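# Close look at the chain arrangement
Below, each chain spelled out in residue letters.
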Amino acid sequence: MQAKLTNQAIKALAATGAEYVCWDTVLKRFGVKVTKLGTKSFIVQYRTGGRGSPSRRVTIGEPGDASWTVEKARKEAGIILGKVDAGVDPFAEKKAAEEAERQAREEEKHSRKRAFSDVVDTYTRRRLSKQARGQLVEQLLRREFVSTWGQRDIATIGRNDVKAVLSRLQDAGKDGAAREALKRIRPLFEFAVDESLMPANPAAGIRLDAPYVPKERFLSDDELREVWHAAVSRGYPFGQMAQLLILTAQRRAEVTGARWSEFDLNANIWTIPAGRTKNRKEHIVHLSEQARSVLDAMPRQDSEYLFTTTMKTPVSGFSRAKALLDDEILKARRKVAERAGEAVSSVVSIDEWDFHDFRRTFATGAARLKIDHMIADRVLNHVPKALSGVARIYNKFEYLDERKAAMDTWGAHVEALINSHAN
């Protein structure tokens, strides 16, 4: 069937129950295909070789589409046929373009998958979310590494890049932070190697120059008193978080991630599930009268977490929390200096400390209070140092009564301390 294709002529083409083509009399090899259901489309048909070679059809567009008039379709058909006459196969050209586009999409998708920040997201979801300290590790990775490498392809990160991050921490006098960063980045790179995202672990074999020196910092009675009063001034959530850290001597992640369901307030017991403890063992914490008072003063929000600002996740941002407490301590010290007629400009806050120091402060205070060091270790959820070998394996007695007495003694000590020399 042949006709001069016009908009009116195309509109008149009707379904016949079988597919057919109406060829244009103006431009040979250009026409409108009509399916048995009446769907219409502009096509070009050609042969890439001589007579007897297979013919190919290229669909240009649909007449019903406002962007395809007869004139525009005929012009496009002319361009295609011009390529054919020049020895170019438009069908093969189109397929090659589609394949190139597909490969580009795959490459872009793969590149996104390999972006360092995206790998951290995946690693957090698959590995860290199942670890007791996973949230803290994630924060470290984002603070020290994502902030540096961001969307960079993880496969391009090398040994020197890792050493640069560690050197920056060491140059700032943060040898402990550098060791922790190296400890946490290694398994992430191993994960990336396992996922075929990079050929080898760039952190493997890296050693830090500075020897490990166990931290011995603990707060003096005066410093502990100052932190407590600063916590009272700050209030919820970080102030009461600090108070509970002091009174329970438990790890920061265990306190900040605490859920109300873990507390038996009738028995004054907090049971930390095995999945949230460092040694993966359920841990019972006795709540002293002072710790219970802190809990009773806390707002009961519509959340499972004790300490939260989002109602969905526990609090974070501990560097800022410590800075807020330091500000309160500095204000209090300046007031004392002012009353004494001393220069306020020379006043500083407490020497370098962190929330983990509360555990050493408890251990030191427990020794002064004549609490058996084995009981103190049980309170801290450490393996008792007094036990070794077979005894360490078979001594399963939990010393719950002794631990309760220790926490009551410690709570009373802290209360007496904070009530003395009131500001």
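Conventions adopted
Residues numbered from 1 in each chain as written. Predicted model: local features only at pLDDT ≥ 70, side-chain atom pairs only at ≥ 80, totals over all residues. Heavy atoms only, no water. Helix = DSSP H or I, 4+ residues; strand = E, 2+ residues; numbered from the N terminus. Rg over C-alpha atoms; globule rule 2.2 N^0.38 Å. Buried < 20%, exposed > 50% of the residue type's maximum accessible area, 1.4 Å probe, protein only. Contact = heavy atoms within 4.5 Å. Areas by Shrake-Rupley, 256 points an atom, 1.4 Å probe, with all protein chains shown as cover. Pairing = 2+ DSSP bridges. Right-handed = clockwise from strand over helix to strand, strands pointing away.

## Overview of the overall build of the protein chain
When helices and strands are tallied, the protein chain shows 16 helices and 8 strands. Relative to a compact globule of 423 residues, whose C-alpha radius of gyration would be 22 Å, the protein chain shows 36 Å and is clearly more extended. Dimensions of the protein chain, computed from the C-alpha atoms along their principal axes, are close to 110 × 60 × 50 Å. Split into buried and exposed, the 423 residues of the protein chain put 41% on the buried side. Contacts in the protein chain between residues at least 24 apart in sequence constitute 56% of all its contacts with a sequence separation of at least 6. Surface summary for the protein chain: the accessible area is close to 23,400 Å², and the carbon and sulfur share equals 50%.

## Looking at the pairing of strand 3 (residues 30–34)
A large share of strand 3 lies buried, amounting to 4 of its 5 residues. Note that strand 2 (residues 20–24) and strand 3 share 4 bridges and pair antiparallel. Within strand 3, the position partnered with Trp23 by the bridge is Gly31. Linking two consecutive strands that pair antiparallel, namely strand 3 and strand 4 (residues 40–47), is a turn of 5 residues; a positive phi of about 100 degrees is found at Gly38 within it.

## Section: the sheet that holds strand 7 (residues 269–272)
Across the sheet, which stays open at both edges, the 3 strands sit in the order 6-7-8 with antiparallel pairing between neighbours. A strand with exactly one partner marks an edge of an open sheet, and here the two such strands are strand 6 (263–264) and strand 8 (283–286). Here strand 6 runs beside strand 7; their pairing, made up of 2 bridges, is antiparallel. Paired with Asp264 across the two strands is Ile269, which belongs to strand 7.

## Description of the side chain of Glu254
Counting through the fold element by element, Glu254 comes out in helix 10 (residues 252–256). Overall, Glu254 belongs to the buried group, its relative accessible area being 2%. Residues within four places of Glu254 in sequence aside, it is in contact with Trp270, Ile272, Arg276, Thr277 and Lys278.

## Focus on the pairing of strand 2
Burial runs high along strand 2: 4 of the 5 residues are buried. Read as a crossover between parallel neighbours, the route from strand 1 (residues 2–3) over helix 1 (residues 7–12) to strand 2 is right-handed. Between strand 2 and strand 3, which pair antiparallel one after the other, the connecting turn spans 5 residues, and Arg29 there sits at a positive phi close to 75 degrees.

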